Amino acid sequence: MNQRNLIIILIVVVIFFGVTQFFGRLPSANGELFSSQTSGFSEAKASEVVELKNGDMYDLTASIVKKQINGQEVKMLAYNGSIPGPLVKISQGAEITVNVTNNTDVETTLHSHGVRVENAYDGTPDTQQPIPIGGTFTYKLKFPDAGVFWYHPHIREDYAQESGNFSLYVNAPADSAYWSPVNREEMLVVDDVLLVNGALAPFSKSAPDHTLMGRFGNVMLVNGEAHYKFNAKQGEVIRLYVTNSANVRPFNLVIPGAKLKLVGGDNGKYEREQFVDSAILAPSERVIIEALFETSGTFTLQNKTPNRTYDLANIVVSSEKAAPSYAGQFNTLRINNDVIADIDQFRSVLHKQPDKSLTLTMGMSGMGNMNSGAHMMPDGTMMGGNGDGVEWEDTMGGMSGMKMAGWRIVDQSTNTSNMGIRWDFKVGDKVKVKIFNDPNSMHPMQHPIHFHGQRFLVASKNGVANDNLVWKDTVLVGSGETVELLIEMSSPGMWMAHCHIAEHLEDGMMFSFSVNP
Ligand SMILES: [Cu+2]
């Protein structure tokens, strides 16, 4: 494409977005924004670690709090008064009852992300009525898998999750030798919030905004804190259970000076442990990393992106020596024969032809032929479909306020999209799903695609077979990328699949599929 055509296309796109944004911002009703007032609400407490056992009943209340972030008092939403909410430790196989009370200013549900729960307790609009303000709902949750999972609302995630309604479940495996021995375990939620004039940037009550890019934040948080830190001793091995609760921001996690070993993903262990320099974590994905701190001093967990590095948290390592030392176990790369044997049941169909093919794209009707396949970065360079296919920052600046973007998941065989897609499977089906992220859509960017109620393997990326598998529930699909998933349809019911960028979900980038008994 020559430069003149490109400039014309860019002008058309800019005018189009400007008009859309203008109309998208017209007031729809009185009191259109969620209040940002903090007076009368109590201060957020520190998050507690709560250990729950099989048969336990637990009360979880979502409420409005005020929280200090970088010296500013911000209105946020908490579970049991803290952000994140209670960090729940539970044993694999346990069943608990959770009574949720909604004392916030928005309808809610509790979605236990990645936990293969009974359909009725998945906490989506497909499975229950919203919990009204002042209402309650009782969830019966069982935890069949080991690993790190998390909970958050599935209504107006763009507002409630961004405001602090999230926390973790760490499921201790039934087999005590499942993980290597470590000196310490830390549960970390990485996040960002968009602060403007001492408050979260306003949220409309009628619809989400920032639907084009998603709401990138300008303050990084770990476990709700802008300056999170934890302590360790020299020579310690620490297992980090990390979840990304951001609306859109992907993280590339590094700890300079520490030795890192990637041991687990969304749903348990990898087939093989591997030493890594970094780990990419899209919204809602989890990584389980073991870190060895051989020397004393202050180490920093960072988000290292191509153009910018953010400090997320400090690890203060004292000169006191760790005892016992697990350095020997750390330096041994384990091959997890239990995981390999489990996946062996799926290997013969891992590379079969896709049963379903999806395209991730965006476009308003009548705009289909205005795809530029590229767009301008704030620094004047062009991007789109190149590089790593990931937008690490908000590249669209002033356009990010728009309310309707037109994000779509398209089923190639039926040419249906979003809620028009109907898939029916049976329990036990092993379904191959190919997902292509169109680099020539009006705004190419990555999408983390999440399937509810099931687990899947990422069989291949861009035609290259994955040689170290882990069970997952969310996959990051970069612009221009093709991934192939093998989904084990294990839980009956009506389930959602969607982009986990909160604003893309709210914009309609979702569909339902049924799994029949
Ligand atoms: Cu998306």
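Sequence order as written defines the numbering, with residues in each chain counted from 1. Selection of residues for local features in this predicted model requires a pLDDT of at least 70, selection of side-chain atom pairs for listing and counting requires 80 or more, and totals for whole chains, interfaces and linings are taken over all residues. Side-chain numbers here rest on the full set of heavy atoms in the structure, without hydrogens or water.

## With respect to the coordination of the copper ion
Stage number 1. Counted as coordinating are nitrogen, oxygen and sulfur atoms within 2.8 Å of the metal, or 3.2 Å for Na, K and Ca, while water is not included, which may make sites look incomplete. Of the protein atoms, only His447 (ND1), Cys499 (SG) and His504 (ND1) coordinate the copper ion, at distances of 2.0 to 2.1 Å.
Stage number 2. Mapping the donors of the copper ion onto the primary sequence gives the spacing H-x51-C-x4-H. Taken as a pair, His447 in strand E30 (residues 447–451) and His504 in helix H5 (residues 502–506) lie far apart in primary sequence, 57 residues in all. Assigned by exposure class, His447 and His504 land together as buried. Secondary structure follows DSSP: runs of H or I at least 4 residues long count as helices, runs of E at least 2 residues long count as strands, and numbering of each begins at the N terminus. Three labels apply to residues, based on accessible area from a 1.4 Å probe with only protein chains included: buried if under 20% of the type maximum, exposed if over 50%, partly exposed otherwise in between.

## Remarks on the sheet that holds strand E31 (residues 455–461)
Stage number 1. A sheet is described by the order of its strands in space; here 7 strands give the open sequence E27-E26-E23-E29-E34-E31-E32, paired in mixed fashion. A strand with exactly one partner marks an edge of an open sheet, and here the two such strands are strand E27 (416–417) and strand E32 (464–465).
Stage number 2. With 2 bridges joining them, strand E26 (residues 407–411) and E27 adopt antiparallel strand pairing. Directly across from Val410, in E27, lies its bridge partner Ser417.
Stage number 3. Here helix H4 (residues 337–347) sits on the sheet and contacts strand E29 (430–437), E31 and strand E34 (482–488); the angle it forms with E31, its principal contact strand, is near 70°. Only strands joined by at least two bridges in the DSSP assignment are considered to pair. Throughout, a contact is declared for two residues whenever any of their heavy atoms are within 4.5 Å. Lines fitted to C-alpha atoms define the axes here, with helix axes fitted over just the stretch in contact, and angles between the N-to-C directions of these axes take values from 0 to 180 degrees.

## A word on the environment of Glu506
Stage number 1. Looking at the secondary structure, you find Glu506 in helix H5.
Stage number 2. Looking at Glu506, the relative accessible area reads 27%, which means it is partly exposed.
Stage number 3. In this structure, the C-alpha to C-alpha distance between Glu506 and Asp158, residues 348 residues apart in sequence, is 7.5 Å.
Stage number 4. When residues no more than four places from it in sequence are discounted, the contact partners of Glu506 are Ile155, Arg156, Glu157, Asp158 and Pro208.

## Notes on H4
Stage number 1. For H4, the full list of buried residues reads Val339, Ile340, Ile343 and Phe346. Summarising the axial view, the buried residues of H4 lie within an arc of 105°, below the 170-degree limit, and thus occupy one face.
Stage number 2. Summarising the contacts, the buried residues of H4 are in contact with strand E18 (268–276), E29, E31 and E34. The directions considered for the arc run from the helix axis to the C-beta atoms.

## Topic: the packing of aromatic side chains
A ring pair, where both rings are aromatic, is described by two values, the distance of the centres and the angle of the planes.
Stage number 1. Here a pair means two rings of Phe, Tyr or Trp (six-membered ring of Trp) with centres within 6.5 Å. Their orientation is stacked below 30 degrees between planes, edge-to-face above 60, and tilted elsewhere. Per the stated rule, a full pass over the model turns up 18 aromatic pairs.
Stage number 2. When the centroid spacing of 5.9 Å and the interplanar angle of 75° are considered together, the rings of Trp423 and Phe425 count as edge-to-face. By the burial criterion, Trp423 is buried, and Phe425 matches it.
Stage number 3. Aromatic side chains Phe425 and Phe513 sit 6.4 Å apart centroid to centroid with 65° between the ring planes, which places their arrangement in the edge-to-face category. Taken together, the positions of Phe425 in strand E28 (residues 422–426) and Phe513 in strand E36 (residues 510–516) put the pair 88 residues apart, joining distant regions of the chain.
Stage number 4. Using a relative accessible area of 6% as the deciding quantity, one classes Phe425 as buried.
Stage number 5. Each residue in the set Trp423, Phe425, Phe451, Phe456, Phe511 and Phe513 is aromatic and connected to the rest through ring pairs, giving one cluster.

## Considering the environment of Ile289
Stage number 1. Residue position: Ile289 is located in strand E20 (residues 286–292).
Stage number 2. Under the relative-accessibility criterion, Ile289 is labelled buried at 4%.
Stage number 3. Ile289 sits 14 residues away from Phe275 along the chain, and the two C-alpha atoms are 9.4 Å apart.
Stage number 4. With near-sequence residues (within four places) excluded, Ile289 lies in contact with Ile238, Arg239, Leu240, Leu260, Lys261, Leu262, Val263 and Ala279.

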